[in-house]
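These are the residues of each chain, in order.
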Amino acid sequence: MVLTITRIESREFGYPLEDVGTDENGFNLVYEPGTTTQRRLYAVRVETDEGVTGEYVGGNSPGAAQLNLFADYLVGKNPLQRERHWSEIKRALRKYDRMGIGPIDIALWDLAGTYYDAPIHELLGTYRDRIPAYASTYHGDDNGGLDSPEAYADFAEECADMGYPGFKIHGWGGGDAARDIDREVETVHAVGERVGDRMDLMMDPACEYETFADALTVGRACDAQEFFWYEDPYRDGGISQHSHRKLAQKLDTPLLQTEHVRGLEPHTDFVANEATDFVRADPEYDAGITGAMKVANVAEGFGLDVEFHAPGPAQRHCIAATRNANYYELALVHPDCQNTQPPVYQGDYSDLLDTVDGDGTVPVPDGPGLGVEYDWEYIEDNQTGTVHVYD
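Source: prediction; values computed, not measured. (Residues numbered from 1 in each chain as written. Predicted model: local features only at pLDDT ≥ 70, side-chain atom pairs only at ≥ 80, totals over all residues. Heavy atoms only, no water.)

## A closer look at the overall build of the protein
A tally of helices and strands in the protein yields 12 helices and 15 strands. Here the C-alpha atoms of the protein give a radius of gyration of 20 Å, agreeing with the 21 Å that 2.2 N^0.38 yields for 391 residues. Considering only C-alpha atoms, the protein reaches an extent of 60 × 45 × 40 Å along its principal axes. With 391 residues in all, the protein has 58% of them scored as buried. Residue pairs in contact within the protein that sit at least 24 positions apart in sequence constitute 72% of those at least 6 positions apart. (Helix = DSSP H or I, 4+ residues; strand = E, 2+ residues; numbered from the N terminus. Rg over C-alpha atoms; globule rule 2.2 N^0.38 Å. Buried < 20%, exposed > 50% of the residue type's maximum accessible area, 1.4 Å probe, protein only. Contact = heavy atoms within 4.5 Å.)

Structure (structure tokens):
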């Protein structure tokens, strides 16, 4: 049976995050009691002439806008020819960041799994069915939550007691006063001294540090506490191969880069030029499951590990089929407010803090495709933007 795509739908919707606000610059999510932040995502559905569909919830408005540039190409095509479509759309979006490929490619993988009655990880080639997770925090605040080095250490200890084998710090951001390098260093030491003998520890400033010197200072604290990795420290935006190669030469802590470079070739160049030790991949950011698995294979070819960014069912399937990956990022978590997970999953799928079992692992969905059921009634009831339909 040859399938044909007959219709693609993209629907923007919103959901509330209670006790969550932003830092003073308005970019980082932080704990803020009494504040409700409205978050927006997109729900994508690909339909075929045989009634087989593919779905994915995620993405952002710049990526969703790119769908306008290639959706008409897909209508009338065989949805199972993912590699061909990936190549054609990649070229079509050559003037852009290609973030629009990810949600559609994931939906096409979901469709394929539905068609073949198999989970995506089985189509990719299953390596494992449970994944170790690390707790990845919200950014620091000054509102009584993660507001001090001791608060981070307390939360890390709580996560260790829950079974988490790893803990990642997102430090403070915002204005100049908030970006206190001494406080960042103190946090690294406080967490390391409290739980460093029980957990793998990671530091992710999310490109907040102003200078190479700041990045080096915090990196040397990570060295002293034997951190597992140091990720995207300073204001190059995570994209300079030269500067990260120089930083790596001066530190013992491995660097994790490439979350902010787009595409297979820039990832490969980063690795070949010794500008990172671990490689970042994300099925939403890196042109879908197809693109993310290409990055994983490049890392494996260089003898390096790939670490998938952010939580979600697509990430779980990728990691399940990847030998050279260590952890699942359970993000964003906090002792006093909810995770950023959208309330759209029916059944028992969860990325909340208490998701892990006693060994600190999460399961891989085993149903067809992504293996999750979306609550389309909630999505439609909370629609915030125009529904785009291509047919």
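Having seen the structure, we can now continue with the description.
## Overview of the sheet that holds strand 15 (residues 383-390)
Spatial strand order, 3-2-1-15: four strands in an open sheet with antiparallel pairing. The two strands at the open ends of the sheet, each matched to only one other strand, are strand 3 (53-58) and strand 15. Between one strand axis and the next, the sheet turns by 15° as a mean value, whatever way the strands run. One ladder, built from 16 bridges, connects strand 1 (residues 5-22) with strand 2 (residues 29-48); its direction is antiparallel. Residue pairing across strands places Leu 17 opposite Thr 37, the latter belonging to strand 2. Packed onto the sheet, helix 3 (residues 101-116) meets strand 1, strand 2 and strand 3 and runs at close to 140° relative to strand 3. (Pairing = 2+ DSSP bridges. Axes fitted to C-alpha atoms, helices over the stretch in contact; angles between N-to-C directions.)

## Here we look at the environment of Pro 283
The residue Pro 283 is located in the loop between strand 9 (278-281) and helix 10 (288-301) in this model. The exposure class assigned to Pro 283 is buried, which follows from its relative accessible area of 1%. Discounting residues that sit within four places of it in the chain, Pro 283 has contacts with Gly 102, Ile 106, Gly 288, Ile 289, Ala 292, Phe 308, Ala 314, Gln 315 and Cys 318.

## Comments concerning the environment of Ala 215
Tracing the backbone shows Ala 215 in helix 7 (residues 212-224). The exposure class assigned to Ala 215 is buried, which follows from its relative accessible area of 0%. Beyond its immediate stretch of four places on either side in the chain, Ala 215 contacts Tyr 209, Tyr 230, Pro 233, Tyr 234 and Leu 247.

## With respect to the nonpolar core
Core analysis: the biggest nonpolar cluster contains 105 residues, and Phe 167, Tyr 230 and Tyr 374 have the highest contact counts within it. Ranked by residues supplied to this core, first place goes to helix 3 with seven residues. The contacts of Phe 167, once residues within four sequence positions are left out, are Tyr 134, Ala 135, Thr 137, Tyr 152, Phe 155, Ala 156, Cys 159, Val 191, Met 199, Asp 200, Leu 201 and Met 202. Ranked by size, the runner-up nonpolar core spans six residues in total, among them Met 202, Trp 229, Leu 256 and Tyr 327. (Core = buried A, V, L, I, M, F, W, Y, C linked by side-chain atoms within 4.5 Å.)

## Some points on the packing of aromatic side chains
For any pair of aromatic rings, geometry is given as the distance between the ring centres together with the angle between the planes. All chains considered together, the criterion is met by 12 aromatic pairs. Seen in terms of ring centroids, Tyr 134 and Tyr 327 are 5.8 Å apart; in terms of plane orientation they differ by 85°. Their pairing is edge-to-face. Of this pair, Tyr 134 sits in strand 4 (residues 130-137) while Tyr 327 sits in the loop between helix 11 (313-320) and strand 11 (328-333), and the two are 193 residues apart along the sequence. Grouping residues by exposure puts Tyr 134 and Tyr 327 together as buried. Their ring planes at 40° and their centres at 5.8 Å tell us that Phe 228 and Trp 229 sit as a pair that is tilted. Judged by its relative accessible area of 22%, Phe 228 falls in the partly exposed class. The structure contains a cluster of three or more aromatic residues connected by ring pairs, namely Tyr 134, Phe 228, Trp 229, Phe 278 and Tyr 327. Seen from the ring of Trp 172, Arg 183 lies directly overhead, with NZ or CZ sitting 3.9 Å from the centre. It is Lys 294 that lies over the ring of Trp 86; its NZ or CZ is 4.8 Å from the centre. (Phe/Tyr/Trp six-rings, centres within 6.5 Å; stacked < 30°, edge-to-face > 60°. Lys NZ or Arg CZ within 6 Å of the ring centre and 35° of its normal.)

## Observations concerning a negative patch on the surface
Residues Glu 150, Asp 180, Asp 182 and Glu 186 make up a contiguous surface patch of negative charge. Note that Glu 150 resides in helix 5 (residues 149-162). (Patch = residues over 30% accessible without salt bridge, like charges linked within 9 Å, V, L, I, M, F, W, Y side chains within 5 Å. Areas by Shrake-Rupley, 256 points an atom, 1.4 Å probe, with all protein chains shown as cover. Salt bridge = Lys/Arg side-chain N within 4 Å of Asp/Glu carboxyl O. Lys, Arg positive; Asp, Glu negative; His and termini not counted. Charge placed at Lys NZ, Arg CZ, Asp CG, Glu CD.)

## Let's talk about the packing of helix 9 (residues 264-272) against helix 10
Between helix 9 and helix 10, whose axes approach to 10 Å, the crossing angle comes to 20°. Comparing their axes, helix 10 and helix 9 come out roughly parallel. Both helix 9 and helix 10 take part in a crossing whose hand is right-handed. Where helix 9 abuts helix 10, its residues Leu 264, His 267 and Thr 268 lie against Lys 294, Val 295 and Val 298. For the contact of helix 9 with helix 10, the residue count by class is three nonpolar, two polar and one charged. (Parallel < 35°, antiparallel > 145°, perpendicular 65-115°, else oblique. Left-handed = near helix turned anticlockwise from the far one by under 90°. Nonpolar A, V, L, I, M, F, W, Y, C, P; charged D, E, K, R; others polar.)

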